[in-house]
Amino acid sequence: MVRQKFVINPLEKQTTGSCNGRGFDHFKTFLIRLTKRKTITQLQTEADNQNELKRTLGSFQLLALGVGGIIGTGIFVLSGEAAAKYAGPAVILSFILAAIVAGLAAFSYAEMASMVPISGSAYSYTYATMGEYLAWIIGWDLVLEYLLAAATVAVGWSGYVVHFIETISKHNATEWIVDAPVAWSEESSMFFTTGKVINLPAVVIVLALTMLLLVGIGESAKVNLIIVIIKVTVVLLFIFACCGYTHRNNYTPFFPPNEGAFNKYGVTGMLHGATVVFFAYIGFDSVTTTAQETKNPQRALPIGIIGSLVISTVLYIAVCTVMVGIVPYRTLDSPNPISEAIKGTPYGIWLPIIIDLGAIAGLTSVALVSLLGQSRIFYSMAHDGLLPPIFAKVHSRTKTPWVSTIIIGVACAIFAAIFPLGILGEMTSIGTLVAFFLVHLAVIIMRFTHKEVPRGFRVPFGPWIIPPLGALLCLLLMITSSKETGIRLAVWMGIGQVIYFTYGYWHSKLRHSNRINEDTAMDNLGIQSDEKVSSNEYVEEQSDVKVEQVVG
């Protein structure tokens, strides 16, 4: 009797099952791919062994970068708009509330930066905790934040430069080359043309700073340090020179009566004002994007993040208190509100000139830091394969991501040339709040999934007080944003989905490496299975021989 041998291939896929079952399996596989996470070991290996950038920054330079990135448009430009249109004298509380939200986020950023010192900032933290898809969302959101932050600052810089020229020379700049060609109508909820052509000064400053960033991070940090010293000196000069000219009547009513609209004065107006001036605190998070260019990042990054925010918050509250106390809040709706406030003092022309110079210097450093952070985000995303590799190209001499820097500079110049200050500022604020929200979640998750990983800084009081409270406050400020701002954010994120699913999903290095590892494992399994089958066949043949011998 001939024995038949049946060999089952363990790698052969089963064809049984319903179509619905196969569809569910495909969907499950798709979700698994979207939530693939980078391990902390992978991130630390990239930071230590695959770093093409040059480590030149210390704690003091990071502190200066943080202050340079924070003190700027929020206080020199948007503070007046928030007081005049939304909060009245309660804009002081708007700044305090925004400071609390930013401070809670700073703690979470400091812990994550000391744990994962890599240039991607919130993008990299999300990649390690919530997977690739959410990492892409936050990365694309950071593109919006830094790009529009730099454009907003450039528009504010343009306003102060024009005012400065008009102050010292009595020459009125030609309006059609210093204003946005489009604006937004609150009544009709539509864009309209203003008759202007381009905001030329804003374009010039963006392109000039882009060229500076191409020279190198060390040189950029030195220029930033000089600018920070100038603007902090000017801010202190305004506080101490004008604090004696405040009037108690200008603080009452502290909460002007609400005028029917949600964001028009009252408590809700103060909350909306916090959303507007939240832009003032954007900048400390950009410190984390320089992690791979920092010496001893586990120690230096928390110092730069928290220290710069504390310094800026104290100066903000003091400036705002003095400003709304000098003149009635409705007169502050100006591109240069501090200069408008000084008109309520007897100092004449010399103090406004100094303030304008300080504002110009301050806005310059903010735009510089924002452009710096944006190019590093693009570098990290391209390094992971989610964007084309050209964005990760590093210059052989300056060790900077020069292609990303040029592309971002040109895109920012276009936004600054066309759009008005208010739209750019609100879009930047809501983009930042989304990033802060996810960083808070990342801290909570990492405390449970990676307890053993050393941290140079820990959020005080554990993971269940500051991170959840910070996340809830971020949601509160996002809810108080205007409907139009939410729609614009949704459109931007929709564009991001198209880019991810047409390019990033298919070129992800993490998925590609996992696929190679899976194929290798399957090949090894196949070899082991073949060896096992051969061994079984040999045993069976030997058994047949013994049976034949017994029969014989």
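Refer to the preceding data block for the structure.
Calculation rules
- Residues numbered from 1 in each chain as written.
- Predicted model: local features only at pLDDT ≥ 70, side-chain atom pairs only at ≥ 80, totals over all residues.
- Heavy atoms only, no water.
- Helix = DSSP H or I, 4+ residues; strand = E, 2+ residues; numbered from the N terminus.
- Buried < 20%, exposed > 50% of the residue type's maximum accessible area, 1.4 Å probe, protein only.
- Polar contact = N/O pair within 3.5 Å; in protein donor to acceptor, adjacent residues only side chain to side chain.
- Core = buried A, V, L, I, M, F, W, Y, C linked by side-chain atoms within 4.5 Å.
- Contact = heavy atoms within 4.5 Å.
- Axes fitted to C-alpha atoms, helices over the stretch in contact; angles between N-to-C directions.
- Parallel < 35°, antiparallel > 145°, perpendicular 65-115°, else oblique.
- Nonpolar A, V, L, I, M, F, W, Y, C, P; charged D, E, K, R; others polar.
- Salt bridge = Lys/Arg side-chain N within 4 Å of Asp/Glu carboxyl O.

Draft legend 1. Molecular detail of the environment of Q298. Position of Q298 relative to the elements: it lies in helix α11 (residues 297–326). Residue Q298 is classed as partly exposed on the basis of its relative accessible area, which comes to 34%. Between the C-alpha atom of Q298 and that of M112, which follows or precedes it by 186 residues, the distance is 9.6 Å.

Draft legend 2. A look at the side chain of D384. Relative to the helices and strands, D384 resides in the loop between α13 (350–383) and α14 (402–418). Taking relative accessible area as the criterion, D384 reaches 6% and is therefore assigned buried. A polar contact is formed between the side chain of D384 and the side chain of Y123, at a distance of 2.6 Å.

Draft legend 3. Representation of the nonpolar core within the structure. Ranked by internal contacts, the top residues of the largest apolar core, which has 160 residues, are Y109, F238 and F284. With 21 residues, the single largest contributor to this core is helix α7 (residues 132–169). Residue contacts for F284: discarding those within four places in its chain leaves I70, A102, A105, A106, Y109, I305, S308, L309 and F436.

Draft legend 4. Representation of the packing of helix α8 (residues 200–215) against α14 in the model. Here α8 crosses α14 at 170 degrees, and the two axes come no closer than 8 Å. Between α8 and α14, the interaxial angle falls into the category roughly antiparallel. Between α8 and α14, the contacting residues are A202, V203, V206, L207, T210, L213 and L214 on the first element and W402, T405, I406, G409, C412, A413, A416 and A417 on the second. By residue class, the composition of the contact of α8 with α14 is 12 nonpolar, 3 polar and no charged.

Draft legend 5. Quick peek at the pattern of salt bridges. A complete count under the given rule lists 4 salt bridges for this structure. Ionic pairing is found between R447 and E111, a salt bridge with its closest N-O pair at 2.9 Å. A residue pair is termed long-range when its members are at least 10 positions apart, and R447 in helix α15 (residues 421–449) and E111 in helix α5 (residues 91–115) qualify at 336 residues. The exposure class assigned to R447 is buried, which follows from its relative accessible area of 12%. For E111, a relative accessible area of 0% translates into the label buried. Here E340 makes a salt bridge to K343, at a shortest N to O gap of 3.1 Å. Judged by relative accessible area, E340 falls into the partly exposed class, the value being 22%. On the basis of relative accessible area, K343 is assigned to the exposed category, the value being 59%. Sharing partners across several salt bridges, the network here consists of E111, R447 and R455.

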